[in-house]
Amino acid sequence: MLNRIEQALNTVAALAIVALCLLIVANVLSRQFLQSGVPDVIVLVRELMVPAILFPLASATSQRAHVAIEFIAQHFPDGLNRWIAVLAALTGLIVSTTLLWAGWNEFAKTFQSGSHYAGDFQLPKWPSRAMFVLAIAMFELRLIQTLIVDLKAALTGRPAPKTL
Amino acid sequence: MDLTTVGYVACFAVLLLLAIRVPIAFAIGGVAVTAIFIVFAFRTGTFLPERAIRTTLSLAFSSGFDLVHSYDLSMIPLFIALGHIAYKAGITTEIYEAARVWLVRLPGGVAIASVAGCGGFAAISGSSIACASTMGRICTPEMLRLNYDPRLATASVAAGGTLGSLIPPSVLFIIYGIFTESSISQLFLAGFFPGILSLLGYALVILLWVRARPEVAPIPDVTFSARDKMMAALRSWPAVTLFFVVLVGIYGGFFTATEAAAISLLFATLLGIFRGHIRWAEVIPLLRETMATTGAIFFIAACAKIFVALIALTGLSGDLVTLLDASNIGPWTFVAMVCVIYLVLGMFLDPVGIMVLTLPLMIPMAETYGLNLIWFGVVIVKLLEIGLITPPVGLNVFVLAAAIEDRVEIGQIFSGLWRFLGIDLVVLLILIAVPAISLFLPMSMN
Amino acid sequence: EIKLIANEPGPNRGVRAKAVEYIAEQIGERTGGAVIVEQNWGGALFKANTALTSITNGVADLGLIIGSYHQSEFPELAMGDLPFENADPWVMMMAMADMFTNNAQIQTRLEELNLVYVAPFATSQGMLACKGPSIQKVEDFKGVKTRYAGAFGEIFSNLGGNMVDMSIYAAFQGMETGLLECTLNYPYFAVATKMDDMLTSITKLNFSGASSLGTFMNKDSFDALSAEQQAAVKGLRDDVVNFYSERLFVADDKAWVTMIEDKKIPVYELSAEDYAKMDEAAKPMLAKWKANATDKGFDADALLAEMQATVDKYNQIKASQGYPWTRK
Ligand code: NA
Ligand code: NA
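Residues numbered from 1 in each chain as written. Chains lettered and ligands numbered in written order. Predicted model: local features only at pLDDT ≥ 70, side-chain atom pairs only at ≥ 80, totals over all residues. Heavy atoms only, no water.

- An unreviewed UniProt entry lists chain B under the name TRAP transporter large permease protein, from Thalassobius vesicularis.
- Turning to chain B, the UniProt annotation filed under Function (unreviewed entry) states: "Part of the tripartite ATP-independent periplasmic (TRAP) transport system."
- UniProt lists a comment for chain B under the heading Subunit (unreviewed entry), and it reads "The complex comprises the extracytoplasmic solute receptor protein and the two transmembrane proteins." (UniProt positions renumbered as here; feature names shortened; annotations may be inferred.)

- For chain A, the name recorded in an unreviewed UniProt entry is TRAP transporter small permease protein, with Thalassobius vesicularis as its organism.
- As its UniProt record puts it under Function (unreviewed entry), chain A is described as follows: "Part of the tripartite ATP-independent periplasmic (TRAP) transport system."
- Taken verbatim from the UniProt record of chain A, the Sequence similarities (unreviewed entry) comment is "Belongs to the TRAP transporter small permease family."

In structure tokens, the structure reads:
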């Protein structure tokens, strides 16, 4: 289930990159040949950056693709490293929980007040906040799963699975 | 516990967590968020958890969201995607074949070509992170394919990436120019020769390294005829064309450096499709791979930004800089101490963060010593660039590792980098001792 | 001893930075050293686009909020960016400060936003700095690649300008490569950053500059001060305006001398008919502002009329008495 959602999120991220690439190119062409840029191009690109960058965080977490420094810890005994993995998941949860909570506050505020950007279309601010919350919520879910899996591994002394 | 102590403890905690294999983003972000909460909770002397939660959430959100929600930084995913697409389209392989055929007798020739490629990329992008991640995606797999030692294949590009801010255009010079009210055009010109000098330094390191240990860059036992060389050069036309389209576009006033990223991605994709190397249906799956890496890169950068806010709150950087003021020193001692302070801060913080935290205090001091601010800017940017490849927090190294999907371990990259750091210090000394290297171009243009 | 965390999005250079330092110094001085300001520069804590939430939530106790970044959340502050003809920075700042101190509805809104008003800021009246084309009448805008940020872009765009949205800092390379032909700039800033070296013509814009800037304090932090300390902070307003505008005028005058006499850059003025056309072109932008103000419960027309009357009031004071620092 989570895997399917992640696949979808990654596809949306890829589509967002296509969209912002085409928007920027269209802006260059329009400026050159139509004597006017694409309206609100900066705001649109910034909005698209949120799904493009953050939607893949969940799958990066399930693939354990967050970069870490290995060369000291690889000399530690396996048992210790399994407990370190638990600590790592907890540390990640501090960040993700903070961002999720903060993102939710921000989403609620921009949604209720209907605040919007300046510019031609006066685009609402809440969609990017909503996407932020969705991305971080999925990231948080995967971190919780990581914590459970790694805690089990630490308690049983069996190696944790490489990916979730 | 006073604020400065909180700052020191936070730095130590990051060090510890990094050492025991806690993911970089988690370590930096987790410590920053916790320490910011502590700072705000005990600010007034009484424990105020509610207000501290509100401020911590606000600060974490604005730092993290702002970094992602950025028009200018869209160039990073676009350029990394360009790396993926250009690889799939055979564009990078062709140019590497040409480099291999032409430089087969030159020890470490392909690594030197990669560093030169970084220099070329630096001329179109203002960001070292973009330079390291894109060129890492392009160059490192090719070097690994040619059986280069992973340390050489990564360290050369991580170091080459630092040319991104020295060779114009450069985000760091723009920020420095704003903080010193000096001419950004002159700063750009001033960075050019120091960038070339650094590039030559890196080439020298590679040459000496491979001379001493030929096994790190195996020279195949083949010779190529003049005809082979011609053909290889001709076959690399897509990469050459792409580079000139971008160069002419930027310097001819058709588009900005950020726009160049989108243009070249579209160009490379279409090229790949028309030459039959990529099918339309493959584009989205290819981009999905790209986005997985950029997400991890941005998450590290976002956490680094929260950490900068923590350092601002604790006043740690200010304390370091006031060391300069406390002692009655001559201009050369001043510059030497600036170097030490920047190297120390560079171990932990990102370049923009360091500038924002230190320049307001440092520049007035530099002025009282009568230092030339253009030259001083070159020294500062070089120092900041060195910080990108020093442990424990070396952003260029981290983004490179992420860009090549962790195929080479960070410890290995760092262990390949000490040689480049050595030459960087030599280059730094030369830049300090011979201001003319920096000032020649801006002076002659006036 | 109370320490206030202050955040400034800009660098510690230039006239406005001097005034930011002045605010910090004066708070210290007027509270007998009991309240100390710890200044952060360059947006070390947060950037200008998140200043409203950040100060509201107390990330900093004190700092600059720029209305153009918060047009829908803070329209009364964004009002300062609307074009008021012939209003110089002193007049605009006094008028904005007056409104933020005396308008009851704005007072209520500030309470809701958890903010306390300290002092205004404004830029000089703007100018179009060009390399290549020269804008001598509004028709000359047509097709000219022009950098803007903020409200004025829409006016130029409606007049046929080819607007390029980028920061004033990114404009340097844009001007050099020819990507940009003109950029909205300010006399003092253009000279300070040496942009004047590449300019071939300047067109004065006789509108108020960006005046949607204000220094605000977090209300919780303000309430934690003693009554005397609060009075000291509130008492800064006019002194900050005078301190800043006097220095800004001196710097601008010097910049004009540099650009006109030393660099021999031709400077153009637009005619009354041109300004009438610009007023027409500004209507959609005005309509958007009114919608935002109405959204926040204001009678937009009444608020604007009150602002215009306040601008007129300070224009008259200026005409009859001169600037405060020239009065003896
Ligand atoms: Na560059
Ligand atoms: Na470092």
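Resuming the write-up.
Digging into the interface of chain B and chain C
Often, the extent of an interface is quoted as the loss of accessible area upon association of its parts.
Part 1: Of the residues lining the interface, 35 residues belong to chain B; the matching set on chain C comes to 42 residues.
Part 2: When chain B packs against chain C, close to 3,100 Å² is buried across both sides, 54% of that on carbon and sulfur atoms.
Part 3: For the pair chain B and chain C, the number of links is 4 salt bridges.
Part 4: Residues Glu367(B) and Arg13(C) are paired through a salt bridge, measuring 2.8 Å at the closest nitrogen-oxygen approach.
Part 5: When residues of the side of chain B that touches chain C are traced back to their parent elements, those giving at least two are α3 (49-68), α10 (171-180), α11 (184-212), α13 (237-251), α15 (280-314) and α18 (351-368) of chain B.
Part 6: For the side of chain B that touches chain C, the leading source of residues is α3(B), giving 7 residues. (Contact = heavy atoms within 4.5 Å. Buried area = accessible area lost by both parts, 1.4 Å probe. Salt bridge = Lys/Arg side-chain N within 4 Å of Asp/Glu carboxyl O. Helix = DSSP H or I, 4+ residues; strand = E, 2+ residues; numbered from the N terminus.)

Quick word on the state of the cysteines
Covalent bonding between the sulfur atoms of two cysteines is what defines a disulfide.
Residue and element names in this part refer to chain C.
Part 1: Within the structure shown, the criterion is met by 1 disulfide over all chains.
Part 2: Here Cys-130 engages in a disulfide with Cys-182; their sulfurs sit 2.1 Å apart. Between Cys-130 and Cys-182, the disulfide has an S-S torsion of 110° and is therefore right-handed. Of this pair, Cys-130 sits in strand β5 (residues 127-130) while Cys-182 sits in strand β8 (residues 182-185); the two residues are 52 residues apart in sequence, bridging distant segments of the chain. (Disulfide = S-S within 2.5 Å.)

A short note on the UniProt feature "transmembrane region" (unreviewed entry) in chain A
All names here are of chain A.
Part 1: Per the UniProt record, "transmembrane region" (unreviewed entry) is annotated on residues 12-29 and 83-104.
Part 2: Helix makes up 100% of residues 12-29 and strand 0%, whereas the separation of the span's terminal C-alpha atoms amounts to 25 Å.
Part 3: The straight-line gap between the two end C-alpha atoms of residues 83-104 is 31 Å; of that span, 100% is helix and 0% is strand.

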